[in-house]
Amino acid sequence: MNDGDPATADRPATTAERPAEAERPADGERATTTAEGADPSGTPPGAFPVGDGGRRLLGDRIGSVEVLAALLILLVFFRDPIAGLLSDPRLQTWTTVFVSIMVQAAPFLVFGVVLSAVIAVYVPRSFWARALPRRPGLAVPVASAAGFVLPGCECGSVPVAGSLIRRGVTPAAALAFLLAAPAINPIVLTATAVAFPGNPEMVVARGLASLVVAVIMGWLWLRLGRADWIKLPHRPDLDGLSRGAAFWSAVRHDVMHAGGFLVLGAMAAASINVLVPERWLQTLADDPVLSVMALALLAVLLSLCSEADAFVAASLSQFSLTSRLVFLVVGPMVDLKLVAMQSGVFGRRFAYRFAPATFVVAVTVAVATGAVLL
């Protein structure tokens, strides 16, 4: 084309006149044809090559619906072997424990996710500056006491604590709330009173010990914690969306993120229930020290919801009240599914430090409380 010809200056460029760059493929994408329209390897024009094209074709046409359909077809063809496996008593026990944990935890996980989204979208940052004391040392016990008015379990408190940190709350106060909310809320304390009708002191001991552990862990974080130990996952940008769209975006993000780790934790807890023989419990119950450690570890492994763990503790009548108090204090603060969810929300570096420290503090405080009140 003649750049100086006014007759052609405004005319759109033809295919032959377009720059060579327009025909080059995008970065990372291999060209399928030559300039003459045929691939040197013999692939017809317009067809995908066997290598990249096959993956591209599968990626475009296979989605979740297709995968689900394939799984259903496999279930139909292999229904007899699968039915034989499901008749195994150990697998039935595993399935029962897994489903019970999911059924107990899922409603409270949803509650916590919705509350987390409300905090992220509708509650301004200035609210927390007014609601909590300016000094972090005083904000920790206030945040711990706030757990009394929010019914929920540990599954819901994890995303809420993550949202509080995002909204500017000091991590020590948010972590204190995370530990206190599932253990001292009215639903949990009422369930404990119903499970121990002849021992009302268990309600006071559980509430007091759990509150003390939450405050101590918050203050320990102020003293020893480091900001780089907490790595919150990437959240979608909510600033450019309407409040309704931002709310549902935050809900979907937290459900997918926290829910996946809840499933992993429930699977691990169900596996432990199958592998640990019940006869070991009776042997351990006869030793005061071993009984405390046994129920503390059992609380971690069983991963019960805090609204239901009191009834399990009450059924362990061969153990002392103090060891059962340890079970009730440790369970809502440190268990398999909770550690898995903390790893997903706050990062592995946080969970691998925070969970063992919480376990030690919870056992120590519960034993001391039981020695005084029980």
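Structure shown above.
Thresholds applied
Residues numbered from 1 in each chain as written. Predicted model: local features only at pLDDT ≥ 70, side-chain atom pairs only at ≥ 80, totals over all residues. Heavy atoms only, no water. Helix = DSSP H or I, 4+ residues; strand = E, 2+ residues; numbered from the N terminus. Buried < 20%, exposed > 50% of the residue type's maximum accessible area, 1.4 Å probe, protein only. Contact = heavy atoms within 4.5 Å. Salt bridge = Lys/Arg side-chain N within 4 Å of Asp/Glu carboxyl O. Axes fitted to C-alpha atoms, helices over the stretch in contact; angles between N-to-C directions. Parallel < 35°, antiparallel > 145°, perpendicular 65-115°, else oblique. Left-handed = near helix turned anticlockwise from the far one by under 90°. Nonpolar A, V, L, I, M, F, W, Y, C, P; charged D, E, K, R; others polar. Expected span 1.5 Å × (residues − 1).

Observations regarding the overall build of the chain
Of the regular secondary structure elements, the chain holds 18 helices and zero strands. Evaluated residue by residue, the chain yields a buried proportion of 41% over its 374 residues. For the chain, restricting intrachain contacts to residue pairs at least 6 apart in sequence, the fraction spanning at least 24 positions comes to 79%.

Points about the pattern of salt bridges
Taken as a whole, this structure holds two salt bridges when the rule is applied. We note a salt bridge from Lys 337 to Asp 335, for which the minimum N-O separation is 3.2 Å. The exposure class of Lys 337 is buried, given its relative accessible area of 1%. Among the residues examined, Asp 335 registers a relative accessible area of 0% and is labelled buried.

Here's the deal with the packing of helix H11 (residues 201-224) against helix H18 (residues 348-373)
Across the interface, H11 lies against H18 with an axial gap of 9 Å and an inter-helix angle of 140°. With respect to their mutual orientation, H11 and H18 come out oblique. Relative to H18, H11 is oriented so that their crossing is right-handed. Taking contact as the criterion, the partners of Glu 201, Val 204, Ala 205, Leu 208, Ala 209, Val 212, Val 213, Ile 216, Met 217, Leu 220 and Trp 221 in H11 are, on H18, Phe 350, Phe 354, Ala 357, Thr 358, Val 361, Ala 362, Val 365, Ala 366, Thr 369 and Leu 373. Of the residues that constitute the contact of H11 with H18, the class distribution is 18 nonpolar, two polar and one charged.

Details of helix H9 (residues 171-184)
With 14 residues, H9 extends 20 Å from end C-alpha to end C-alpha; this agrees with the ideal 20 Å at 1.5 Å per step. Most of H9 is tucked away, with 13 of its 14 residues classed as buried.

Comments concerning the environment of Val 367
Counting through the fold element by element, Val 367 comes out in helix H18. Residue Val 367 is classed as partly exposed on the basis of its relative accessible area of 32%. For the pair Val 367 and Leu 325, spaced 42 residues apart in sequence, the C-alpha to C-alpha distance is 7.8 Å. In contact with Val 367, other than residues within four places in its own chain, are Val 292, Thr 322 and Val 326.

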